[in-house]
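Commentary on secondary and tertiary structure
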Amino acid sequence: MTTQLQRQGSATAVQGTGYMGDQGSPRLQRVPSSRSNHNAPQFNWSPASTAQEDAGQEAAVPPKDLRGLPIPMALKRAISQVQQMQVPVLSSFQSWKRSKAKSLSRGRKSIRGFLNYIKLWRKSLNQIGGNFGDGVQSYFLFLRFLVVLNFLSFMLIAGFVLIPSIVFRSVASDPVNMTGPAECRQYDHNPAALVKFYSYFLDFLSGTGFMEYTYLFYGYYNNTMVAGSDFSYNIPLAYLFTAVFYFAFCLICITAHMGTAVRVAVATGGGATGSYSRIVFTGWDYGCLGDRSTKLKQKNLHYQLQVDLEEDRIKNEAASLTLGQKIFLYSSRIVLSLVAFGLIIAAFFAIYQATIFSQSKIDEIGVLGLIYEYLPSIVITAGNFVVPVLCDQIALLERYNPSITVIVALLRSVFLRMVSLGVLLFTLWSQITCFQGVSGKCKLCHYNYESYPCWETRVGQEMYKLTLFDLLITIAMLVLVEFPRRIVVDSSSSKLAQMVGRQEFVVPANVLGLVYGQTVVWTGALFCPLLPLINTLKFVIVFYCKKITLFSNCRPAAKTFRSTKSKVFFLLVLLFGWSLALVALIYSIAQIHPSMSCGPFRSLSSMWTIIPDSFYGLSQTSQGFLFYIGSQRFSIPLVLFFSVVMCYFIALASVYGTSVNLLKAQLKLEARDKQFLVKQIEALSRTLGVAR
Amino acid sequence: MGATASHLGKDLLSEYQELTFLTKQEILLAHKRFSELLSKEDRAHPNPRVPTEAILTLPELKSNPFRARICRVFSTSESKDGLSFEDFLDLLSAFSDSATLEIKSHYAFRIFDFDEDGTLDESDLEKLVNCLTGETDDTRLSPEEMKQLISNILEESDIDKDGTVNLSEFQHVISRSPDFVSSFKIVL
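Within each chain, residues carry numbers counting from 1 in the order of the written sequence. Each chain takes a letter, starting from A, and each ligand takes a number, starting from 1, following the order in which they are written. Residues qualify for local features only when their pLDDT is at least 70, as the model is predicted, and side-chain atom pairs are given and counted only at 80 or more; totals for whole chains, interfaces and linings, by contrast, use all residues. Excluding hydrogens and water, the side-chain values take into account all heavy atoms of the structure.

With that out of the way, let us pick up the interface of chain A and chain B. Each partner contributes residues to the interface: chain A has 60 residues there, and chain B has 73 residues. Computed with a 1.4 Å rolling probe, the buried area is the accessible surface lost when two parts are put together, summed over both parts. Taken together, both faces of the contact between chain A and chain B bury some 5,800 Å²; the carbon and sulfur share is 61%. Whenever a carboxyl oxygen of Asp or Glu lies within 4 Å of a side-chain nitrogen of Lys or Arg, that contact is scored as a salt bridge. For the interface between chain A and chain B, the tally reads three salt bridges. Among the salt bridges present, the one from Glu-86 of chain B reaches Arg-77 of chain A, with a minimum N-O distance of 2.5 Å. Side-chain atoms alone can form a polar contact between residues adjacent in sequence; in general such a contact is a pair of N or O atoms within 3.5 Å, and within protein one must be able to donate a hydrogen while the other accepts it. On inspection of chain A and its partner chain B, the count reaches 11 residue pairs in polar contact (both at pLDDT 80 or more). Residues count as neighbours in contact if any of their non-hydrogen atoms are within 4.5 Å of one another.

Spelled out as structure tokens, the structure:
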């Protein structure tokens, strides 16, 4: 293939490829033409390259850009050959820099290839996505993200709290001085001498008995403060800092994972406009494998388009409602919202009563005792099953748009699940700090020391029970409900069975389950440091269970909504759970008196006070430095600086918005000019033709 | 070009790595799958070309509604029928994990341009929507729905109001959709 170099000093002449759509794109100005009959391609070197050569820098397109040119391979090879022939005169430093850059990019490429290869469950996820669509795949991707997050958190906790505790416990075992009344310091954690055999199993399920005084719960950790000559480690301080850093780490991971999606959503002002073109141009998933999933995807898109078109029609109709009809519609919506809200409040009240009842029966033994222990979890799970179903029916009556109906029902479920956890915590707290009822119990130790000699361990046990119960329910549903349903539907041919049909994998409800489980772990991590590890194992088991049920029992869902399967939506709900757990954490650290009989904070009046105490142990310069950072002399200028930066960015954003609008108007004008000129040409040629 | 059908030379392999977005393993896997599609006599040919019907037997492309358009767009032969190995690599590079948004949107535009006139007019959009929803009668949109849909699409994306969607307008729509890069993917 011959190549011809043509240097043109004037403005570049755009040589289109054989495809005519390129004329608008400035990126392709240097693309040679490629007719199928192998005309010699012509190259254009813009004047910019001559200017760059004069400046002594590298000329020509850097090799990396060749991959991004939408031309056939043969032409890319020709361009790269020309580039290599045109070796510019580089100093040795620049050629060294270039070769270093090349090897760096090659190393980065190989690392990325390796990382892609070892990604957890890659093949399973591809299989799921190809067969069931990207809605279901997004659930499993979210689950994988949570597994990795929990595992990394466990590494964090193990490194800073667990391993030092193990080391110091085996090395030094002197109890640090404990202050406080003697009754508050009583903590009998030794199990009874004669225990029945099955009580070990019951203890494993509820975290009591032999499991109570272990590294699993807060009560086992000592408040050792090792201070050697060149090495000092303060376990309470490490415990507190690890808990705080764990929350910050999770927040950073979640926001980083949201990444590009959020930036695009914020920059383009949400997805309201352009939804039709977006569905049509970007809706197809090229990873679909097989006829079945292709037909499923087509049905999905068909449904989505129909729903959107119908929503438009409804909106046009709604705008033409009479005033009386509008009043009726809005008042019925308000009434139904109140009904749904009332249902949720009733669920909360049931949880409150169940928790109080369960805490009062803490000394029962045997299977009945186990049921009493698990009563809050049972009531919460029952509420989470029943109330969303009712809310779904109510949402149908409210006659919103289809997609708004789904979102409203979903938000109600989120509210129910998260705040029921909050109600459980509130009940526990009111019991521990004698919020109501008998106030004499709490006068002596600032907490209810008779029922809760080590209240943090008790809270940790509740969270542990919630986690375990969630897992048991998942497995029980799989075995007792989903498999039998599939067997019944497949084997019987009655109309009822066909109408009920095989199970659908409902993505939003499952995602809510994951977010709920993660929120429980966040709330409980301060009191049960091994909970992230347990949660990692739990989520791994859930992954395989859900995968099995997906492939064996489920039929693919024909109706999904874009908003409810988006990654940003899942992560926003997760952030909501995180903020609730943060509130619980702040309250536990700052307000409640730690128990005096167990745990790393037993001699302090609140968990937070360890920080001021150790602060005054620092050297004078560190104290001075930290005081300066906190003082007004430093913080006010900092705040002013950040306000100025923010104003700058807001101004920049508004300027960009105006220029986008101006450019759009300009495009419209130019198109109209073009049409006008074309008409003039036609008219002119007609008059000339007539004249001839 | 120095490559026999059974083995890919090392410098050729590194050249393909430079010119495409594929990793070494992906190129080798592509070579293996491409060789399996070749018939006996084509293997001896220095630059073999697999006919379109054979390419369409690949499971990744078999049920894709755009499979004929994809093969046509990436083919460099005169009759636009059949892919050489380098065309196949170009195809996989554009559909790979690490390809940029610009190249994906460019090729998406060419795939959707059924009459190959450089813009997406109403007939192109209609054929596109039919591909997306399926060709059978019960999955097709009704004519009124189709008309309303096409007018909505043109209203949203046709900025200069000339009745067609050109490449820049198409890329403008694509740039506002964060899912496009991950869905425009074919991995062997």
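Attention now moves to the environment of Pro-164 of chain A. Residues and elements named next belong to chain A. Counting from the N terminus, the helices are the DSSP runs of H or I reaching at least four residues and the strands are the DSSP runs of E reaching at least two. Tracing the backbone through its elements, the reader meets Pro-164 in helix H5 (residues 134-171). Note on Pro-164: relative accessible area 11%, which makes it buried. Counting along the chain gives 70 residues from Pro-164 to Asn-234, while the straight-line C-alpha distance between them is 9.6 Å. Setting aside chain neighbours within four positions, we find Pro-164 in contact with Ala-158, Gly-159, Tyr-233 and Ile-235. Accessible area is worked out with a 1.4 Å probe on protein chains only. A residue is then buried under 20% of its type maximum, exposed over 50%, and partly exposed in between.

Here helix H9 (residues 143-157) of chain B contains 15 residues, and its C-alpha end-to-end distance of 21 Å stays within 8% of the 21 Å for a straight helix at 1.5 Å per residue. Listing the buried residues of H9 of chain B in full gives Glu-145, Met-146, Leu-149, Ile-150, Asn-152, Ile-153, Leu-154 and Ser-157 of chain B. Tucked into the core, H9 of chain B has its buried residues touching helix H8 (275-282) and helix H9 (290-318) of chain A together with helix H8 (122-133) and helix H10 (167-175) of chain B. Helices are assigned an expected span. That span is 1.5 Å times one less than the residue count.

The next subject is the packing of aromatic side chains. For Phe, Tyr and Trp, rings pair up if their centres lie within 6.5 Å, where Trp contributes its six-membered ring, and each pair is then called stacked (planes under 30 degrees apart), edge-to-face (over 60) or tilted (otherwise). Following the criterion strictly, the structure yields 47 aromatic pairs over all chains and no others. With a centroid separation of 3.8 Å and an interplanar angle of 5°, the aromatic rings of Trp-121 of chain A and Phe-543 of chain A are classed as stacked. One end of the pair, Trp-121 of chain A, is in the loop between helix H3 (92-117) and helix H4 (122-132); the other, Phe-543 of chain A, is in helix H17 (residues 531-553), and 422 residues separate them in sequence. The pair formed by Trp-121 of chain A and Phe-543 of chain A is uniform in burial state, with each residue classed as buried. On the numbers, 5.4 Å between centres and 55° between planes, the contact of Phe-66 of chain B with Phe-112 of chain B is tilted.

The subject of this paragraph is the nonpolar core. The nonpolar side chains of a soluble globular protein tend to be buried with one another. Residues Tyr-139, Phe-140, Phe-142, Trp-522 and Leu-574 of chain A are the most contacted members of the largest nonpolar core, which totals 108 residues. Aside from chain neighbours lying at most four places away, what touches Trp-522 of chain A is Leu-149, Tyr-246, Phe-247, Cys-250, Ile-254, Leu-574, Gly-577, Trp-578 and Ala-581 of chain A. In terms of nonpolar packing, the next biggest core, distinct from the first, is built from 73 residues, Leu-22, Cys-71, Leu-89 and Leu-149 of chain B among them. Put simply, buried Ala, Val, Leu, Ile, Met, Phe, Trp, Tyr and Cys residues joined by side-chain atoms within 4.5 Å make one nonpolar core.

This next bit is on the packing of helix H14 (residues 455-491) of chain A against H17 of chain A. Residues and elements named next belong to chain A. Interaxial distance between H14 and H17 falls to 11 Å at its minimum, and their mutual angle equals 10°. One way to sum up the angle between H14 and H17 is to call them roughly parallel. Contacts from Met-463, Tyr-464, Thr-467, Asp-470, Leu-471, Thr-474, Ile-475, Leu-478, Glu-482, Phe-483 and Arg-486 of H14 reach H17 at Leu-531, Ile-534, Asn-535, Lys-538, Ile-541, Val-542, Cys-545, Lys-546, Ile-548, Thr-549, Ser-552 and Asn-553. The classification used treats Ala, Val, Leu, Ile, Met, Phe, Trp, Tyr, Cys and Pro as nonpolar, Asp, Glu, Lys and Arg as charged, and all other residues, Gly among them, as polar. Of the residues that constitute the contact of H14 with H17, the class distribution is 12 nonpolar, six polar and five charged. Under this scheme, a helix contributes an axis fitted over its contacting stretch, all axes are lines through C-alpha atoms, and angles between N-to-C directions fall in the 0 to 180 degree range. Angle categories: roughly parallel below 35 degrees, roughly antiparallel above 145, roughly perpendicular from 65 to 115, and oblique for all the rest.

Taking 1.5 Å of rise per residue, the 12 residues of H8 of chain B would be expected to cover 16 Å, and the 17 Å separating its terminal C-alpha atoms lies within 8% of that figure. Regarding H8 of chain B, the residues found buried are Asp-124, Leu-125, Leu-128, Val-129, Asn-130, Cys-131, Leu-132 and Thr-133 of chain B. The secondary structure elements touched by the buried residues of H8 of chain B are H8 and H9 of chain A together with helix H7 (101-112) and H9 of chain B.

Attention now goes to a positive patch on the surface. Here, patches come from residues exposed beyond 30% relative accessible area and free of salt bridges, joined within 9 Å for like charges and within 5 Å for nonpolar side chains (Val, Leu, Ile, Met, Phe, Trp, Tyr). Note on areas: Shrake-Rupley, 1.4 Å probe, and residue coverage restricted to the protein chains presented here. Charge counting follows a simple rule: Lys and Arg are positive, Asp and Glu are negative, and His as well as the terminal groups are ignored. Taken as the charge centre is NZ of Lys, CZ of Arg, CG of Asp or CD of Glu, depending on the residue. On the surface, Lys-664, Lys-668 and Arg-672 of chain A together with Lys-161 of chain B cluster together to form a positively charged patch. Mapped onto the fold, Lys-161 of chain B is located in the loop between H9 and H10. Note on Lys-161 of chain B: relative accessible area 45%, which makes it partly exposed.

Below, the discussion takes up the state of the cysteines. All names here are of chain A. Any two cysteine sulfur atoms lying within 2.5 Å of each other are counted as a disulfide. In this structure the tally under the stated criterion is one disulfide over all chains. Shown here is the disulfide that connects Cys-454 with Cys-598, its sulfur atoms set 1.8 Å apart. The disulfide joining Cys-454 to Cys-598 has a torsion of about 100° about its S-S bond and is therefore right-handed. Highlighted residues: Cys-454 in the loop between helix H13 (402-432) and H14 and Cys-598 in the loop between helix H18 (567-590) and helix H19 (610-615), separated in sequence by 144 residues. The same class applies to Cys-454 as to Cys-598, namely buried.

Here we come to unusual backbone geometry. Residues and elements named next belong to chain B. Its identity is not glycine, yet Glu-116 carries a phi of approximately 55°, on the positive side. Relative to the elements of secondary structure, Glu-116 occurs in the loop between H7 and H8. In this structure Glu-116 comes out as partly exposed when scored by relative accessible area, which is 35%. One non-glycine residue, Lys-161, lies in positive phi territory at about 55°.

Note that all results are geometric; they support no functional claim without further evidence.
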